[in-house]
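# Descriptive structure summary
Listed below, chain by chain, are the residues.
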Amino acid sequence: MKLKTLAIASLALALPFSALAAKEVTREEVKTMKLEKIGTVHTTAETTSPMDAKKVLSKRADEKGGRYYLIIAGREHGKFSATADVYK
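Residues numbered from 1 in each chain as written. Predicted model: local features only at pLDDT ≥ 70, side-chain atom pairs only at ≥ 80, totals over all residues. Heavy atoms only, no water.

Moving on to the nonpolar core. Grouped together as the largest cluster of nonpolar side chains are 8 residues: Ala 22, Val 41, Leu 57, Ala 61, Tyr 69, Ala 82, Ala 84 and Val 86. Listing elements by their share of this core, those giving two or more residues are helix H3 (50–63) and strand E4 (80–87). Take this core: its biggest share by element is 3 residues, from E4. (Core = buried A, V, L, I, M, F, W, Y, C linked by side-chain atoms within 4.5 Å. Buried < 20%, exposed > 50% of the residue type's maximum accessible area, 1.4 Å probe, protein only. Helix = DSSP H or I, 4+ residues; strand = E, 2+ residues; numbered from the N terminus.)

Now the structure itself:
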């Protein structure tokens, strides 16, 4: 019984954190949602795919307190790097 309760509690605690991941938005969404820019984040050239770069940008936007990010630059040179503006 304790194991079942612990498993349910662990799952319940994990869900809110995954729900907080910053979401990628478009320039149009930034305008229509009237988002406030709070900073800029960058990836290093360590990511091996565009999706990995997006995950890093989302995580770094979260760390800045942002809910959204807009990719403003990207580069592929064997690996991927990107820059994004962060919004709340």
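What follows concerns the pairing of E4. Of all 8 residues in E4, 7 are buried, a share of seventy percent or more. Here strand E2 (residues 37–42) pairs with E4 via 5 bridges, running antiparallel. Bridging from a neighbouring strand, Thr 40 pairs with Asp 85 of E4. For strand E3 (residues 68–76) and E4, the ladder comprises 8 bridges, and the chain directions are antiparallel. The residue bridging Arg 75 from the neighbouring strand is Ser 81, located in E4. What sits between E3 and E4 in their antiparallel hairpin is a turn of 3 residues, with Gly 78 showing a positive phi close to 90°. (Pairing = 2+ DSSP bridges.)

It is worth stressing that arrangement in space is one thing and function is another; only the former is reported here.
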